Structures are given as C-alpha cells and as structure tokens.
Amino acid sequence: MTGDYDKSLLRRYVQRSRNRFRYCYAKELFVKSSLQGTVTAEFTFGADGKVNAATASGVDANVAACVAGGIKAREFPPPKAGAVTVRYPLSFRPGTAAATKK
C-alpha cells in the first residue's frame, strides 16, 4: 500500500464487500466446479475516498472483473493526505462462497 492509511480500516471496508466478492466467485463456480485461487485487486482512491481506478487479476477473468467492479463501487473514508494505492489479495475456495452449486 502506498499513502498514509490505516490498514485495519482498509481491511474493514474491503470486507464490507465480501458478499459481492463471494457472489462473483459462486457465479463462476457454478460453471467451473474446480475453480479456486487468489484474485489480486489493485485500486487507488483519492482524498475524497472515492475509488478512481480498480483492476483485478487471477483465478478467472470473470471473477476478477466482477471483484474489480465491486471495489470500484466502494467508497472509503478519506485518507489523511493525498491518494492511496492498494494491492489486496482475496482467496476463493469451494465451500467459502455464499451460494452453493445445486
């Protein structure tokens, strides 16, 4: 992470989107039953707390794009000064998704 920001606050705000991230994974897991791994999200938010840019990669292109969209929609408490750039890993394994394959 670059910028002056409380890591525990960042973690708490990213975790508020965990249901969306689980949905991203569960949707693809339904089609690809062996899907698992880590998505690394990279994002930047400015002095207003709004995410300016978000990308993600890993596991599956659809899961990564969905996770990036979830991050982009999130708003964070403003940093003390300037912008904050974050690289945040999210792990996915069957059995951890909010929805199950039927």
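Structure: see above.
Bear in mind the structure is a predicted one, so any value in this text is a computation, not a measurement.

Here is what the cut-offs are and how they apply
Residues numbered from 1 in each chain as written. Predicted model: local features only at pLDDT ≥ 70, side-chain atom pairs only at ≥ 80, totals over all residues. Heavy atoms only, no water. Helix = DSSP H or I, 4+ residues; strand = E, 2+ residues; numbered from the N terminus. Rg over C-alpha atoms; globule rule 2.2 N^0.38 Å. Buried < 20%, exposed > 50% of the residue type's maximum accessible area, 1.4 Å probe, protein only. Contact = heavy atoms within 4.5 Å. Areas by Shrake-Rupley, 256 points an atom, 1.4 Å probe, with all protein chains shown as cover. Pairing = 2+ DSSP bridges. Axes fitted to C-alpha atoms, helices over the stretch in contact; angles between N-to-C directions. Phe/Tyr/Trp six-rings, centres within 6.5 Å; stacked < 30°, edge-to-face > 60°.

### Remarks on the overall build of the protein
Regarding its fold elements, the protein presents three helices and three strands. Listing every helix and strand of the protein by position from the N terminus yields α-α-β-β-α-β. Here the C-alpha atoms of the protein give a radius of gyration of 14 Å, agreeing with the 13 Å that 2.2 N^0.38 yields for 102 residues. Burial analysis of the protein (102 residues in total) assigns 37% to the buried set. Within the protein, contacts between residues at least 6 apart in sequence are counted, and of these 73% link residues at least 24 apart. Split by element, the accessible area of the protein, about 5,900 Å² in all, is 49% carbon and sulfur.

### Notes on the environment of Phe-45
Tracing the sequence through the fold places Phe-45 in strand β1 (residues 37–45). Remark: the alpha-carbon pair of Phe-45 and Arg-18, spanning 27 residues in sequence, is separated by 19 Å.

### Some details on the sheet that holds β1
Ordered by their spatial adjacency, three strands build an open sheet running β2-β1-β3, and the pairing between neighbours is antiparallel. Each having just a single partner strand, β2 (51–57) and β3 (84–92) make up the two edges of the open sheet. Across the sheet, the axes of successive neighbouring strands diverge by a mean angle of 20°, strand direction being ignored. Where β1 meets β2, six bridges bridge the pair, whose relative direction is antiparallel.

### Side note on the packing of aromatic side chains
Summed over the entire model, instances satisfying the criterion amount to six aromatic pairs. Measuring from centroid to centroid gives 5.0 Å for Tyr-5 and Phe-45, while their planes differ by 80°, and the two rings are edge-to-face. Of this pair, Tyr-5 sits in the segment before α1 (7–15) while Phe-45 is found in strand β1, placing the two residues 40 residues apart along the sequence. Residue Tyr-5 shares its accessibility class with Phe-45, and that shared class is buried.

### Thoughts on the pairing of β3
Along a regular strand, successive side chains alternate from one face of the sheet to the other. Only one face of β3 is covered, namely the face carrying Val-84, Val-86, Tyr-88, Leu-90 and Phe-92; the face carrying Thr-85, Arg-87, Pro-89 and Ser-91 is uncovered. Direction of pairing for β1 relative to β3: antiparallel, over a ladder of nine bridges. Within the sheet, the bridge partner assigned to Phe-45 lies in β3 and is Val-84.

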